[in-house]
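# Coordinate analysis (summary)
Below are the chains, spelled out letter by letter.
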Amino acid sequence: MTTRSPHSSPRGPNRRVVLVAGIAVLVIALGIWVFGGSVAHSSRVDETFTVARGNLRISFVETGAIRSEKPISIMAQLEGQNTILKLLPEGTYVKEGDVIAELDASNIVERRQQEQMAMAKARAAYVQAKEAYDIQRNINDSLIKAAELDAEFADKDLEKYRDGDWPQQQRDAQGDIAIADEELKRAIDRSQWSEKLAANGYISDSELEADRLAVKKRTLDLELAKGKARVLEAYTNPKELKRLQASAEEKKADLERVKQRAAAMLAQTDADLKAKEEANELEKIRLDKWEDQFKKATIHAPASGMVVYATTNPSSRSSSRTESPIQEGANVRENEVIVTLPDLSKMIADVKVHESALDRVKKGQPAIVTVDALPSEPFHGKVNRVALLPDAQSSWLNPDLKVYTTEIRLAGDTSMLRPGMSCSVEIVADDLTDVLYVPVQSVQPRDNEHVAFVVGAGGVPEPRAGEVGEHNEEFVVITKGLAEGDRVLLAPPPPPEESKTVPRPGGSSVQPIPRDGVEPDVDSAEPDDGAGRDAGAKPKKKHSKTPKKSSHKSTAPKPAQTQEDPNQNGNSQTGSNDGNH
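Below or above, wherever it landed, is the structure these notes cover. The numbers attached to residues start from 1 for each chain and follow its sequence in the written order. Since the coordinates come from a predicted model, pLDDT governs what is reported: local features require at least 70, and pairs of side-chain atoms require 80 or more to be given and counted, while whole-chain, interface and lining totals use all residues. Hydrogens are left out, water is left out, and the side-chain values use all remaining heavy atoms of the structure.

### Brief notes about the sheet that holds strand E6 (residues 99–103)
On the basis of which strands lie adjacent, the open sheet formed by 4 strands has the order E7-E6-E4-E10 and antiparallel pairing. Two strands bound the open sheet, and with one partner strand each, they are strand E7 (298–300) and strand E10 (331–333). Shown here is a sheet whose adjacent strand axes are inclined to one another by a mean of 40°, direction ignored. Between any two strands, at least two bridges found by DSSP are needed for them to pair. Helix and strand definitions follow DSSP, with helices as H or I runs of at least four residues and strands as E runs of at least two, each counted in order from the N terminus. Each axis is a line fitted through C-alpha atoms, and for a helix only the stretch in contact is used; angles between axes span 0 to 180 degrees, taken between their N-to-C directions.

### Focus on a nonpolar patch on the surface
A cluster of nonpolar side chains, namely Ile135, Ile139 and Leu143, defines an oily patch on the protein surface of about 280 Å² accessible area. The residue Leu143 is located in helix H3 (residues 106–199) in this model. Put simply, a patch holds well-exposed residues, over 30% relative accessible area, that have no salt bridge, with like charges counted together within 9 Å and Val, Leu, Ile, Met, Phe, Trp or Tyr side chains within 5 Å. In this description, accessible areas are obtained by the Shrake-Rupley approach with a 1.4 Å probe, and a residue is regarded as covered only by the protein chains that are shown. Any carboxyl oxygen of Asp or Glu within 4 Å of a side-chain nitrogen of Lys or Arg constitutes a salt bridge here.

### Observations regarding empty space enclosed by the protein
Here a cavity is any set of points on a 1 Å grid over the protein atoms alone where a 1.4 Å probe fits but cannot get out, and a pocket is any open set with protein on both sides within 12 Å along at least 5 of 7 lines; a residue lines the site when it has an atom within 4 Å of a point. Grid points are joined across faces, edges and corners, and a volume is the space filled by probe spheres set on the points. Summed over all chains, the structure comprises 1 cavity of 30 Å³ or more. Of the volumes computed, that of the largest cavity is approximately 60 Å³. Lining the largest cavity are 13 residues, with His450, Ala452, Gly466, Ile478 and Leu482 positioned closest to its centre. Broken down by secondary-structure element, the contributors of at least two residues to the lining of the largest cavity are strand E18 (449–455), strand E19 (461–471) and strand E20 (475–480). When residues of the lining of the largest cavity are assigned to their parent elements, the largest contribution, 5 residues, is made by E19. Each residue gets one label: Ala, Val, Leu, Ile, Met, Phe, Trp, Tyr, Cys and Pro are nonpolar, Asp, Glu, Lys and Arg are charged, and the others, such as Gly, are polar. Looking at side-chain class alone, the lining of the largest cavity contains 7 nonpolar, 3 polar and 3 charged residues.

### A word on the packing of aromatic side chains
By convention, a stacked pair of Phe, Tyr or Trp rings (six-membered ring in the case of Trp) has centres within 6.5 Å and planes under 30 degrees apart, an edge-to-face pair has planes over 60 apart, and any other such pair is tilted. Taken as a whole, this structure holds 3 aromatic pairs when the rule is applied. Ring geometry for Phe49 against Phe475: centres 5.8 Å apart, planes inclined by 55°, an arrangement best described as tilted. Taken together, the residues Phe49 in strand E1 (residues 48–50) and Phe475 in strand E20 connect sequence positions 426 residues apart. Take Phe49 and Phe475: they sit in the same class, and that class is buried. Arranged with centres 5.4 Å apart and planes meeting at 80°, the rings of Tyr437 and Phe475 form a pair that is edge-to-face. Taken together, the residues span a long stretch of sequence, with Tyr437 in strand E16 (residues 422–439) and Phe475 in strand E20 at a distance of 38 residues. Assigned by exposure class, Tyr437 and Phe475 land together as buried. Of the aromatic side chains, those joined through ring pairs into one cluster are Phe49, Tyr437 and Phe475. Put simply, a charge is over a ring when the Lys NZ or the Arg CZ is close to the ring centre, within 6 Å, and near the line of the ring normal, within 35 degrees. Here the basic side chain of Arg112 rests over the ring of Phe294, its NZ or CZ set 4.2 Å away from the ring centre. The residue whose ring lies beneath Lys289 is Trp290, and the NZ or CZ to ring-centre distance is 5.1 Å. Relative accessibility thresholds used throughout: buried, under 20% of the residue-type maximum; exposed, over 50%; partly exposed, between the two (1.4 Å probe, protein chains only).

It is worth stressing that arrangement in space is one thing and function is another; only the former is reported here.
Here it is in structure tokens:
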């Protein structure tokens, strides 16, 4: 028997050649099977595969093209139409900041000088207006502070009289009344004592009369003190209080008037300042515009890369220009692409994935990219993005074909790659370890089950039902029903004339496989889930292709001859993944 790797799958441009050769072998085998009778039966029994255990890579291969992940289009940004004075040769490698081209800017120099003079005048007027504004603001601050002090002093005078002067005057008046009352009492006592002394002849009548006059005088003093207190309470205090209150209110009103006049004057100077400032900004914008235009006359590389002329790059929107090609002396318009600068350090492989395999592609999956121009140097990468909608161009060319653009971001040194190179991409869905596997054509679907023909005692094939797992283009994982070392046929044997049943686990049985193919009868099959698979069953590959080199090893023995079932679609997986099928 020959040896066969479980990781092998067709790759690159030989894929279709292998497919055509496989179809030819299938046609020949079909003829032998139909017309060969017992010879075909004997041949099929010899074509076996020993159930192996080992590692299995789940992957599929698509073709695509290389492009830069972030190509940069460099456009002419001078207004109007200008002439290219200098231009680097195409294919030159440049670094960020290197000069790529120079455009004629003679008409910009004069405009820039005019704007510089206008800018100087506008700047002087703005400075003068700003100084006037600052002076007016200082004057306003002084006037407002003086008015605030006057209002504050008026409030203090009112507070001083109400809380200080008036209570003190009240106390003085009450003190005068108390003293006068006390003096009156003393005068009355003295007069009464004098009356007694005069009756006994101890004092003269003049002395007695003097004491009587003292009583009258003290009585008048008491009345005067009480009258003074009444005047102070009824007239003097209300008058002084209202005067001070009016003065405080007037000072507050003066403060508000000063603030309003200051605000009006400041607003006037501020309006003049803003007008001068806007004029200055306008002139600055104009000058900056011409300064920017003058700088844009010299075109620098925004990043490192290789110079590609716009008329050479077919993806450039300027490639359809009918004027002279991009070269020194040519005229270019504003926003017209002059050169493109692909970043060769970050490359992407674009492939088209068929809708039937879309659920197997996830962001972050590893991929191996083989470029046709560098077949001996494979590149590694990861799935970066899967389009949400099918490719519009492919759908327009073939409405029945639904493929989704998938980006593979390449890792490592990609400087030797060029945009547009053809490539073959192997997307690795999973790497299984320690699993049982058989060729996909050895397992046939039947009534929601999968049947393989195991070579029993005496070399007689016996049908055996089992369960399958993941699969690639050549092998399928066996999860139940087969054991390591079992020999299975690569294709079902021709059925005998009379019907036989296939035993199932538990004593049930399945119907024999019809002679005209491996697919079950449409009428007896379970309902399809809409994706070409039996409901409840996992998809399987039913073809074998020329193996490719792989770093994975398998200890499984290989059959001496590989042959697909004649009625099995040998392109069930690759055909669904290749946008050209």
